[in-house]
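Coordinate inspection notes
If you want the building blocks of each chain, they are given just below.
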Amino acid sequence: MAAIVTTAERPGARTRVRAARRRPRVWRGLVLALAGAYFLLPLVASFVFTVHVPGQGVSFEAYTELLSADGFARSLLLSLGLAAATIALSLLLTVPALIAVRIGAPRLRPVVEAVCLLPLVVPPIALVTGITTVLRWGPEHLSRTPLYQTFIAIQNEDFPVVLVLAYTVLALPFVHRSLDAGLRAIDVPTLVEAARGCGASWPYVVGRVLLPNLRTSLTGAAFLTLALVLGEFTIASLLGFQPFAVWIVSISGAQARMSVAVSILSLLITWALLLLLSRAGSAPRTTAAGSSPTSRKETQS
């Protein structure tokens, strides 16, 4: 009988297989190294610019003077407050609407999607022009009505609600995409029918059945909204407010090193907040014993 020679027994076959396996690893490492260099080299160059003073050597004055800089803490806290309010408002608007469409009117899903994606078509400069026109028209024509005080209140410099409304419109496409992907990954009608069959109320169904299954999508929507608010400049600048991004640009002319140092610090703050949101979104959810809808109903009765 002729001897059957397998691939593993051929001379040099194992060497070629190992080389073929190493090639994808080498290419992956090369791609990751190029991507890391693309993102890290500008940051390293910016950091060197902030600490190297020609003729003086290394100096960290640009970082030590940040906390005492005029407007730093105020603008940062304002941006964080605007981000928190925008995340809350955008989720309050989109989560109930998308759940209602998913359960009761699936034919309206293309209409809702088109409306939510509409802000991607409108440039921010056109949006802020419309907002400015409305803010000017309101006090002129509604000065004798209670709405006049509303127009004044939403433009309060301590916390401009008009920016929250504008940022919510800008974040609507990203929030919709994230939540829509999460709702498509779960069987919403079956979960709702099972929970309602066990005697759960609608608030309980949404808060304890659907939202835990949408935790990853909610976290992703919060990611995108936070990054958008912290980096938005056009609308806030044209409306005359000074959140963190506008404050960085305002000091860039007189204090270039400090403005670059603040930009690096803002990136670190954004990354830290995103990591916190990621940990909150991926944390295991513990449910206490006896917390099912039927047991709760029996306890209340």
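An account of the accompanying structure is given in this report. These figures come from a predicted structure and were not determined experimentally.

Attention now goes to the overall build of the protein chain. When its secondary structure is counted, the protein chain shows 14 helices and 2 strands. For the protein chain, the proportion of its 301 residues judged to be buried stands at 32%. For the protein chain, the exposed surface amounts to about 18,800 Å²; the carbon and sulfur share of it is 66%.

This brings us to the pattern of salt bridges. Pairs can form between side chains of opposite charge once their charged atoms are near each other. Taken as a whole, this structure holds 2 salt bridges when the rule is applied. Put simply, glutamate 113 and arginine 177 hold a salt bridge, and the shortest N to O gap is 3.2 Å. Of this pair, glutamate 113 sits in helix H4 (residues 109-117) while arginine 177 is found in helix H7 (residues 161-185), placing the two residues 64 residues apart along the sequence. One salt bridge connects arginine 184 with aspartate 180, and the closest N-O pair in it is separated by 3.0 Å. Taken together, the residues span about one helical turn, with arginine 184 and aspartate 180 both in helix H7 at a distance of 4 residues.

So, on to a nonpolar patch on the surface. There is a patch of nonpolar side chains on the surface, built from Tyr38, Phe39, Leu40, Val44, Phe47, Val48, Val58 and Phe60 and spanning about 860 Å² of accessible area. At 6 residues, the largest contribution of residues to the nonpolar patch is made by helix H1 (residues 13-51). Note on placement: valine 58 falls in strand S2 (residues 57-58). A relative accessible area of 61% means that valine 58 is categorised as exposed.

Parameters at a glance
- Residues numbered from 1 in each chain as written.
- Predicted model: local features only at pLDDT ≥ 70, side-chain atom pairs only at ≥ 80, totals over all residues.
- Heavy atoms only, no water.
- Helix = DSSP H or I, 4+ residues; strand = E, 2+ residues; numbered from the N terminus.
- Buried < 20%, exposed > 50% of the residue type's maximum accessible area, 1.4 Å probe, protein only.
- Areas by Shrake-Rupley, 256 points an atom, 1.4 Å probe, with all protein chains shown as cover.
- Salt bridge = Lys/Arg side-chain N within 4 Å of Asp/Glu carboxyl O.
- Patch = residues over 30% accessible without salt bridge, like charges linked within 9 Å, V, L, I, M, F, W, Y side chains within 5 Å.

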